[in-house]
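# Breakdown of the fold
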Amino acid sequence: MRRVVVTGLGMVTPLACGVEPSWRRLLDGQSGASVVERFDVSDLPCKIACTIPRGDGSDGTYNPDDWMEPKEQRKVDEFIVFAMAAAQQALDDADWHPTSYEDQISTGVLIGSGIGGIEGIAEASLILKERGPRRISPFFIPGRLINLAGGYVSIAHGLKGPNHAVVTACSTGAHAIGDAGRLIALGDADVMLAGGTESPVNRLALAGFASCKALCTAFNEEPARGSRPYDRDRDGFVMGEGAGMVVLEEYEHAKARGAKIYAELIGYGLSGDAYHITAPSPDGDGAYRCMSAALKRGGVTPAEVDYINAHGTSTMADGIELQAVERLLGDAAAGVSMSSTKSSIGHLLGAAGAVEAIFSILAIRDQVAPATLNLDNPSVETAIDLVPHKPRARKIDVALSNSFGFGGTNASLLFRRPQS
Amino acid sequence: MSEIADQVKKIVAEHLGVEPAKVTENASFIDDLGADSLDTVELVMAFEEAFNTEIPDDAAETILTVGDAIKFLEKNAA
């Protein structure tokens, strides 16, 4: 199998638009959470979310007009615009803008989303009810379909290789990167733009997740304290929005053009819980198996793992993941740092796995494990360093990023520092 | 210029994101103003909405330019 490396990064997160400002603010311990003001939350049990700082594009703010024509934005849900922003950044960062037919057909796109255009679907269903079918826009369908994030990106950048999409709830971003890596390893493409995107901060999605009893409801007055993985006072996740994209590239291809190599994608593991539609299997067996598979694929022993970016959603499931990680690491547990960056950016659902993979890659680049914020009183005892409150400078050669989704779908990505 | 013509031009400029100066009566939605087939469907819907009228599919197919739209609406709009 061919080797796959990461040569470009892009993101829009609740901390900032852009990889470097997001990463800087993450290491500064900032929170992206606030009380939702875009729509009425007075009748919702959860009134907080991690939303992208919108603005004119300066100082890390997100200005959609910088990434997509206003007349095109009007036709699509925001998850597509977020994808356009992160994709452009990643391709620019990789300095990969294929213009020849050969380069275009060897460059593919694999972008997923957990729920896609739920807001647009909600709005169109009201139009259908109130004004009838003749008032449904021809852009209603193409502007909501999950694979249209990849569709728009491929059209904007002339990427004619494999064009695929993933939908695996909160594992989407990780599966997208893992599957894209496989397409390169197997020779279907030389370069893949891969990641996840999500725009779930709207009344319908908040109401739906609240009914699942998945959301944080105890910190409406103190939003920045709401996402608190492993803490005894955690009571649900804080929803986030955004997108993360990476450029994956076949190693020799990257080397030949002198591309900057962030990390090598050495392992990818997948598993299913076959247990419950929203709850993870209490024995953590699914999580354990997907991590084990990633390590096996990467030829890495548990003792070689330095950093784990946990799924850690700030729900009761945190403890199950931790148990699974302890089972995986055994005696090596004390040497590992594991944090949940959801404590800062919230849960980006289908984008989470991609954004967190990028944070894992940057942890390798800068030799620092980002912190788990709000971990005041751990509900668990463990030998693993959960990186409370402050980032930890340390050796990180190998990093694992976990994502687990509704439906019992699990994915782990394993990255290694590029060997010089 | 009629009130209908003004309004049609405004709708076209907004929906297609083009300079109002380009929206002349001779301008073809697809050839001159960058519309695709879905844009033209949406434009017809916008005209129906704005002028509170119904444009049947066979009539919509004959509306190819700004002037076509103005003519149709001047004749049919209430």
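None of the values given here were measured: they were computed from a predicted structure. (Residues numbered from 1 in each chain as written. Chains lettered and ligands numbered in written order. Predicted model: local features only at pLDDT ≥ 70, side-chain atom pairs only at ≥ 80, totals over all residues. Heavy atoms only, no water.)

## Overview of the interface of chain B and chain A
Many structure descriptions define interface size as the accessible area lost when the parts assemble. Here is the rule: Any pair of residues with heavy atoms lying within 4.5 Å of one another is described as a contacting pair. Summed over both partners, buried area is the accessible surface (1.4 Å probe) that two parts give up on being assembled. We define a salt bridge as a side-chain nitrogen of Lys or Arg found within 4 Å of a carboxyl oxygen belonging to Asp or Glu. Polar contact is defined as a pair of N or O atoms within 3.5 Å, subject to the rule that within protein one atom must be able to donate a hydrogen and the other to accept it, and that residues adjacent in sequence are counted only when both atoms are side-chain atoms.
Contacts between the two partners involve 15 residues from chain B, matched on the other side by eleven residues from chain A. For the pair chain B and chain A, the summed buried surface comes to about 1,100 Å²; carbon and sulfur atoms form 43% of the total. When the buried surface of chain B facing chain A is broken down by residue, B:L38, B:E42 and B:M45 rank first, second and third, together holding 40% of it. Counting across the interface, chain B meets chain A through six salt bridges. The tally of links between chain B and chain A comes to nine residue pairs in polar contact (both at pLDDT 80 or more).

## Brief notes about the side chain of A:N63
Residue and element names in this part refer to chain A. To be explicit about the condition: We count a stretch as a helix when DSSP gives it H or I for four or more residues in a row; a strand needs E for two or more, and each element gets its number in order from the N terminus. Classification of residues uses two cut-offs on accessible area relative to the type maximum, computed with a 1.4 Å probe and protein chains only: under 20% is buried, over 50% is exposed, and between them is partly exposed.
Residue placement: N63 occurs in the loop between strand 3 (48-50) and helix 2 (70-73). For N63, a relative accessible area of 16% puts it in the buried group. Among the polar contacts listed, one links the side chain of N63 to the backbone oxygen of D56, at a separation of 3.5 Å. If sequence neighbours within four positions are ignored, N63 has contacts with G55, D56 and G57.

## Focus on the packing of aromatic side chains
All names here are of chain A. Selection criterion: Classification of ring pairs rests on two measures: the distance between centres of Phe, Tyr or Trp rings, Trp counted by its six-membered ring, which must be within 6.5 Å, and the angle between planes, read as stacked under 30 degrees, edge-to-face over 60 and tilted in between.
Within the structure shown, the criterion is met by four aromatic pairs over all chains. Ring centres 5.5 Å apart and planes at 75° place the aromatic pair Y62 and F82 in the edge-to-face group. Note that Y62 is positioned in the loop between strand 3 and helix 2 and F82 in helix 3 (residues 78-94), a separation of 20 residues in sequence. Its relative accessible area of 0% is what places F82 among the buried residues.

## Quick look at the pairing of strand 6 (residues 191-198) of chain A
All names here are of chain A. Just so we agree on the cut-off: Following DSSP output, two strands are said to pair if at least two bridges run between them.
With eight of eight residues buried, strand 6 lies mostly within the body of the structure. Pairing of strand 4 (residues 107-112) with strand 6, which is carried by six bridges, proceeds in the parallel orientation. Opposite G112, over in strand 6, you have G196 as the bridge partner.

Read these as spatial facts, not as claims about activity.
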